[in-house]
Structure formats: C-alpha cells, structure tokens
Amino acid sequence: MNYESVRGRLYHFLRWSERYTKTDMVYLTSGGLWLVLGQAVSALSAFILAVAFANLVPQETYGTYKYLTSMAAMFAIFSLPGMAVAVTRASAQGNEHVIHSATRSRILFSLTGTAVALVGSGWYWIHHNNELALALLIIAATLPVLDTTTTYLSYLAGKRRFDLQLKYQAITQAISVPILVAALYVTDNILLILLAYFLPLAAIRSVFYFTTAHTIPSQNDDSADKETREYGLHLTVMSVLGTVASQVDKVLLWQFLGPAQVAIYTFATAIPEQLKGPLKGTGDLALTKFAADTPGEIRRFFPLLWRKLGLYAAALFGVSIAYIVAAPYIFEFFFPQYIDSVFYSQIFALSLITGVSSIASAILAAQKKIVVQYVITTIQPLISIALFLLFIPLYGVMGAIIAFVMSRFIATGIYFGALFTVK
C-alpha cells in the first residue's frame, strides 16, 4: 500500500468521523499534529534544561536566574506582546503584510523597557549590588530584539503553516539549549549563564524573522496596519496585569524567602506547566479557526462546544491524576536535589484542568471582544496578585501554590461566563 493510498484512506476516515465529533477533523489532525510536535520539542528542551539546572548549579544560582528572567518578562511588556495575537488574526484574514509595521512598532516600544531596565540597573549599582546591576544591563541590551522578532511565528500561525513553525522552533532549541547547558557545565556565574540564554535566542530569532519577512511584500494598506496596531496595543494593555501576575510569585518569594525557595517553587510548577504546553496549541488552532467565523456561526456552535469542553476537562483531569501518581518517581530519578518540591507539584497539577479556558480565550480574541477582554484581563490578574500577596507572606511556597491554583479556577469561570457575550 503506497503513501497516497494511506493518506486517502486516512482523509476519508477523518471526514467520516466528523459525523460524530462535529469537528473539522482534517484541520484538527493536520494542524494539531504539528502543534503537538512543536510542544513536544519545547517540552523536551525545557526538561533537558531542568535536569541541567538541577544537577549542575546550586539552588541559589537557579533561584537568582528565575528571578532575573521574571524581571525580564515584566520589562518585555513594553515590547507589545499583544501584537502577536493581532498579527495572527490579520494573517488569517489575508493581511500578512502587517508583520512589517507590527514588528517596527514592537521594537520602538521595547526601547521604553530597555530604559526601565537601565534605571533598575542603576539602582542596583548605587546599592552596590554589581551582579544584579550587570544582569539588568544584559536584559536591557537584548530586549529590543528578543521577543519583538518572534512575529514570524504569529504570521505562520495565521497562515496555518504549523510545519514551518515546528521547523523554526526545533532549530532554535537545537542551537540555544546546548549553548546554555554548556554554560551551566563550566560555570555557575549568573552573568555568564544569562549571556548564554539571551544572546543565542536574540540572534536566532532575528535571523528567522528576516528570513520570513523577506518573503512578504510590503503594501500601502494603512487601514489594516492601523487596525492591527491598535488591536495589538489593546491586547498588550490587557496583558500588563496578567504578565505581572504571572511573574510576581517568584519576585515575592525572592523578597520574602530568598533564591533557594524560588528554585523549589519553580521546580514544583515546571513539569505541570510543560504538560500544559499543548493547550496553547489548542488555543492557536481555535484562534485561526474562529477568526474567520461570524458571531452567529459561533453561537450556533455553542451546544456542541460545551460538550467538547466537558470531554476536554475530563481528559485534562486524567492527565493531572497520572502526573500526581508519577511525580515522586520523576523527582527521585531526575531531580533528587528538589525532592521537597514533590508535594507542591502534586497540588499544582490540579490546575491543569483549567486549560479548557484556552478555547474561550481564543474565541474572544478571534472575535475582537475588546471590552470583555479588558474586563477579564483586569479582574483576573488583580485577583491573582491579591492572592499571592495574601498567601505568600503567610505560607511561603505552599501559599504561592494555593494562590496559583485558586486564581486559575477563578479565571476559568470568568472566561466561560464571558463566552455569552459573543452575539
């Protein structure tokens, strides 16, 4: 039986199965396969780095590294991360040329983040903490290109070229991960480790951006550029509190308990967060699919949507239970230095169930429900930040875990409720 025959049989089987799943199974299988493979590459890379950090450097070094990368993530707010979704949406609608203006805007705005990082560097220098001062200089120097050039991934998602996404991500990881592992093997100097992390990523992403952008002709389409830019700005403003909420846990743990506890907390959350990786791919598939649908078409899909979300949640619950059972063995074999993280990690794994909210979030983004998104992205992060501020000083690492899980379930309820605004 030749390849074309097998492919044809598979195609007909998927089309037949749509009578029961009520889903475009060809699109889900073709796009989903590439996204799952991409997430597998990312998860494998993260796992290799976790093993390297656990076995090659002290907890204090890893805790400091996570603190500084959390600071970098907050400075990156100024690089307009919301533009990524806006570019994906525009590309899905045939306006792929917006990648040029969107990237220019991101680079320009990122210079504000560079200025803030420089101010932070000066503050640490004045207080005679030369190590953190130099670390923030590294962050400031790489910020204008580190995240801004990743718009090529957003463009590829919009064009449903998930195969190219996988190729570029795999090459990026194949180059950057060995460089960072080599640095960990020869030194525990945090400055050299940061250089080994930031510089390869900035260089590789820049090359892939220019390789992709070169194939996309510029157009004088001010309306599409303006709409994408404005929507990207809206999404970025919406994400400010969310970004702070996603990083403030590590910053607070650093301030109250020190870098070693940051390291223990990070290992507790690391594997469940990687298991959640494929959920992002599900959201990407939903975004490109629903961007082309009208609100009426989406509303008619709701009865089936609730059923699918229920099945999805049940599957995620099964994954979380499997991880809870396996966690002690995983840590004992791969991360014996972080055996204290096991119980925290098992509790944190319950938050995997809330991954169903990625579908609701994608629908709202695809339909450009700006007011609703503003409300959600304001209320949910404020709840998270408040919970972290309340529980971390009282219960330390366990407080951070409890706050994180509670905030995820609250956010899921908010997203589901918001779906009823799609009319």
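Residues numbered from 1 in each chain as written. Predicted model: local features only at pLDDT ≥ 70, side-chain atom pairs only at ≥ 80, totals over all residues. Heavy atoms only, no water.

1. Some remarks on the overall build of the protein chain
Short version of the rule: In DSSP terms, a helix is any run of H or I states spanning at least four residues, a strand is any run of E spanning at least two, and both are numbered starting from the N terminus. Using a 1.4 Å probe on the protein chains alone, a residue whose accessible area is under 20% of its type maximum counts as buried, one over 50% counts as exposed, and one in between counts as partly exposed. Here, two residues are considered to be in contact whenever any of their heavy atoms come within 4.5 Å of each other. Here the accessible surface of atoms and residues is derived via Shrake-Rupley with a 1.4 Å probe, and residues count as covered only by protein chains that are part of the display.
For the protein chain, the count of helices and strands is 16 helices and 0 strands. Burial analysis of the protein chain (423 residues in total) assigns 51% to the buried set. For the protein chain, contacts bridging at least 24 residues in sequence account for 84% of all contacts bridging at least 6. For the protein chain, the accessible surface area stands at approximately 19300 Å², while carbon and sulfur atoms represent 67% of it.

2. What to know about a nonpolar patch on the surface
This is how it is decided: Exposure above 30% relative accessible area and the absence of a salt bridge qualify a residue for a patch, where like charges join within 9 Å and nonpolar side chains (Val, Leu, Ile, Met, Phe, Trp, Tyr) within 5 Å. What makes a salt bridge here is a side-chain nitrogen of Lys or Arg within 4 Å of a carboxyl oxygen of Asp or Glu, nothing more.
Where nonpolar side chains cluster on the molecular surface, the patch consists of Leu108, Phe109, Leu111 and Leu233 and spans about 360 Å² of accessible area. Looking at the secondary structure, you find Leu111 in helix α5 (residues 98-126). Leu111 gets classed as partly exposed once you look at its relative accessible area, which sits at 46%.

3. A few points about the side chain of Thr149
Quick note on the threshold: Counting of polar contacts relies on pairs of N or O atoms within 3.5 Å, with two restrictions inside protein: one atom must be capable of donating a hydrogen and the other of accepting it, and residues adjacent in sequence are counted only when both atoms are side-chain atoms.
You can see Thr149 is positioned in the loop between α6 (130-146) and α7 (151-158). Relative accessible area serves as the criterion here: at 3%, Thr149 is assigned to the buried category. A distance of 2.7 Å separates a polar atom in the side chain of Thr149 from the backbone oxygen of Val145. Sequence-distant contacts of Thr149, defined by excluding residues within four places in its chain, comprise Arg205, Ser206 and Tyr209.

4. Here we look at the pattern of salt bridges
On inspection of all chains with the given rule, the structure shows 5 salt bridges. Two residues, Asp249 and Lys250, come together in a salt bridge whose shortest N-O distance is 3.5 Å. The partner of Arg408 in a salt bridge is Glu273, and the shortest N-O contact between them spans 3.4 Å. Taken together, the residues span a long stretch of sequence, with Arg408 in helix α16 (residues 370-418) and Glu273 in helix α11 (residues 259-275) at a distance of 135 residues. The class for Arg408 is buried, based on a relative accessible area of 18%.

5. Examining the side chain of Arg205
Mapping Arg205 onto the fold places it in helix α9 (residues 190-213). Those residues in contact with Arg205, other than ones at most four positions away along the chain, are Leu146, Asp147, Thr149, Thr150 and Tyr152.

6. Focus on helix α3 (residues 59-75)
Think of an α-helix as turning once every 3.6 residues; residues three or four places apart then point the same way. Put simply, the rule reads: To estimate the expected span of a helix, count its residues, drop one, and scale the result by 1.5 Å.
Over its 17 residues, α3 runs 24 Å from end to end, which matches the ideal 24 Å to within 8%, given 1.5 Å per residue. Across the 17 residues of α3, 13 count as buried, placing the element largely inside the fold.

7. What to know about the nonpolar core
Selection rule: To form a nonpolar core, buried Ala, Val, Leu, Ile, Met, Phe, Trp, Tyr and Cys residues must be joined to one another through side-chain atoms within 4.5 Å.
Tyr338 and Phe388 are the most contacted members of the largest nonpolar core, which has 70 residues in total. Sorting elements by how many residues they give to this core places α16 first, with 11 residues. Those residues in contact with Phe388 that sit more than four places away from it in its chain are Ala245, Val248, Asp249, Leu252, Tyr265, Pro393, Ala400, Ala403 and Phe404.

8. Topic: the packing of helix α4 (residues 83-92) against α7
Operational definition: Where helices are involved, their axes are fitted lines through C-alpha atoms of the stretch in contact, as for all axes, and angles between N-to-C directions lie from 0 to 180°. The handedness criterion is simple: a crossing whose near helix is rotated anticlockwise from the far helix by less than a right angle is left-handed, and one whose near helix is rotated clockwise is right-handed. In this count, Pro and Cys sit with the nonpolar residues alongside Ala, Val, Leu, Ile, Met, Phe, Trp and Tyr, while Asp, Glu, Lys and Arg are called charged and the others, Gly among them, polar.
At a closest axis distance of 7 Å, the pairing of α4 and α7 adopts a crossing angle of 35°. Judged by the twist between their axes, the crossing of α4 over α7 is right-handed. Contacts between α4 and α7 involve Ala84, Val87, Thr88, Ser91 and Ala92 from the first element and Thr151, Ser154, Tyr155, Ala157 and Gly158 from the second. Per-class residue counts for the contact of α4 with α7 are 5 nonpolar, 5 polar and no charged.

9. A closer look at the environment of Ala157
Here Ala157 is to be found in helix α7. When the C-alpha positions of Ala157 and Ser91 are compared, they lie 8.1 Å apart, and in sequence the two are 66 residues distant.

10. Digging into the confidence of the model for the protein chain
Which entries qualify depends on this criterion: The predictor attaches a confidence to each residue, and that confidence, scored 0 to 100, is pLDDT.
For the protein chain, per-residue confidence averages 82 on the pLDDT scale, and residues scoring 70 or more make up 82% of the total. Per-element averaging of pLDDT across the protein chain places helix α1 (residues 3-21) at the bottom with 51 and helix α14 (residues 342-348) at the top with 95.

11. Observations concerning the packing of aromatic side chains
Rules: Ring geometry is summarised as follows: Phe, Tyr and Trp rings, the Trp one being its six-membered ring, pair when their centres sit within 6.5 Å, and such pairs are stacked at plane angles under 30 degrees, edge-to-face over 60 and tilted between the two.
In the structure shown here, the tally under the stated rule is 22 aromatic pairs. A centroid spacing of 6.3 Å and a plane angle of 70° characterise the contact between Phe388 and Phe404, whose relative ring orientation is edge-to-face. Of the two residues, Phe388 and Phe404, both sit in the buried class. A connected cluster of aromatic rings, assembled from ring pairs, spans Phe47, Phe53, Tyr62, Tyr65, Tyr197, Phe198, Phe267, Phe331, Phe333, Phe334, Phe335 and Tyr338.

12. A closer look at unusual backbone geometry
For Leu80, which is not glycine, the phi dihedral falls at a positive 55°. Looking at the secondary structure, you find Leu80 in the loop between α3 and α4. Positive phi, normally seen in glycine, also occurs at His128, with a value near 65°.

13. A short note on the environment of Tyr155
Along the polypeptide, Tyr155 turns up in helix α7. Classification of Tyr155 as buried rests on a relative accessible area of 14%. Between the C-alpha atom of Tyr155 and that of Thr88, which follows or precedes it by 67 residues, the distance is 5.4 Å. When near neighbours in sequence (up to four residues on either side) are disregarded, Tyr155 contacts Val87, Ser91, Glu96, Ile99, Thr212 and Ile216.

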